[in-house]
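Coordinate inspection notes
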Amino acid sequence: MKNNVYKNVLVIVVGLSVFYYLFDEIILLYSILVLGVLSVFSDKFAILLNFVWMRFAMALGWINSRILLTIVFYIFLFPLAILSRLFTKDPLRLKAPEGSNFINRDYLFKKSDIKNIW
């Protein structure tokens, strides 16, 4: 348990370091120093920081699974399905003209067909 706490604190510190490198904001550098030093010297602070980080991760997971996937479904997948249904004529051949979906394929396989199947 304790190793996971410090791994998560390290992830937070490295993530803030990347943001400091990208945006060059001094407040990020101070927050890196404060979080890192307090986590090294105080186990309770590291556990509290880990708890807050995990709650934040759970909130992001909830947002991703509900809101973002709903938006992706209704903006991309639903219109594509409607357009596909409007402009294609039975792509799965569900309405077979002869009463059967069986397709008779008379083909003689050669050695080269099996040699490189993909």
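Read on for an overview of the structure.

1. What about the packing of aromatic side chains?
Summed over all chains, the structure comprises six aromatic pairs. Centroid distance phenylalanine 19 to phenylalanine 23: 6.0 Å. Interplanar angle 15 degrees. Geometry classified as stacked. You can see phenylalanine 19 and its partner phenylalanine 23 sitting in helix H1 (residues 2–23), four residues apart, about one turn around the helix. Owing to a relative accessible area of 42%, phenylalanine 19 belongs among the partly exposed residues under this scheme.

2. What about the side chain of asparagine 50?
Mapped onto the elements, asparagine 50 comes out in helix H3 (residues 43–87). Those residues in contact with asparagine 50 that sit more than four places away from it in its chain are Asn4, Val5 and Asn8.

3. Let's talk about the packing of helix H2 (residues 26–41) against H3
Their axes nearest at 5 Å, the elements H2 and H3 cross at an angle of 125 degrees. Of the possible angle classes, the one that applies to H2 and H3 is oblique. Judged by residue contacts, Leu35, Leu38, Ser39 and Phe41 of H2 engage Asp43, Phe45, Ala46 and Leu49 from H3. Broken down by class, the residue content of the contact of H2 with H3 amounts to six nonpolar, one polar and one charged.

4. Considerations on the nonpolar core
With 10 residues, the main nonpolar core is built from Val5, Val9, Ile12, Val13, Leu16, Leu28, Ile32, Leu35, Ala46 and Leu49. If you list the elements that add at least two residues to this core, you get H1, H2 and H3. The leading source of residues in this core is H1, at five residues.

5. Some details on H2
For H2, built from 16 residues, the straight-helix expectation of 22 Å at 1.5 Å per residue is met to within 8% by its first-to-last C-alpha distance of 23 Å. Turning to H2, its buried residues number three or more, namely Leu28, Ile32, Leu35 and Ser39. The arc that holds the buried residues of H2, viewed along the axis, is 80 degrees, so those residues lie on one side. Pointing more than 90 degrees away from the buried face of H2 are the exposed residues Ile27 and Phe41.

Rules used throughout
Residues numbered from 1 in each chain as written. Predicted model: local features only at pLDDT ≥ 70, side-chain atom pairs only at ≥ 80, totals over all residues. Heavy atoms only, no water. Phe/Tyr/Trp six-rings, centres within 6.5 Å; stacked < 30°, edge-to-face > 60°. Helix = DSSP H or I, 4+ residues; strand = E, 2+ residues; numbered from the N terminus. Buried < 20%, exposed > 50% of the residue type's maximum accessible area, 1.4 Å probe, protein only. Contact = heavy atoms within 4.5 Å. Axes fitted to C-alpha atoms, helices over the stretch in contact; angles between N-to-C directions. Parallel < 35°, antiparallel > 145°, perpendicular 65-115°, else oblique. Nonpolar A, V, L, I, M, F, W, Y, C, P; charged D, E, K, R; others polar. Core = buried A, V, L, I, M, F, W, Y, C linked by side-chain atoms within 4.5 Å. Expected span 1.5 Å × (residues − 1). Arc of directions from axis to C-beta.

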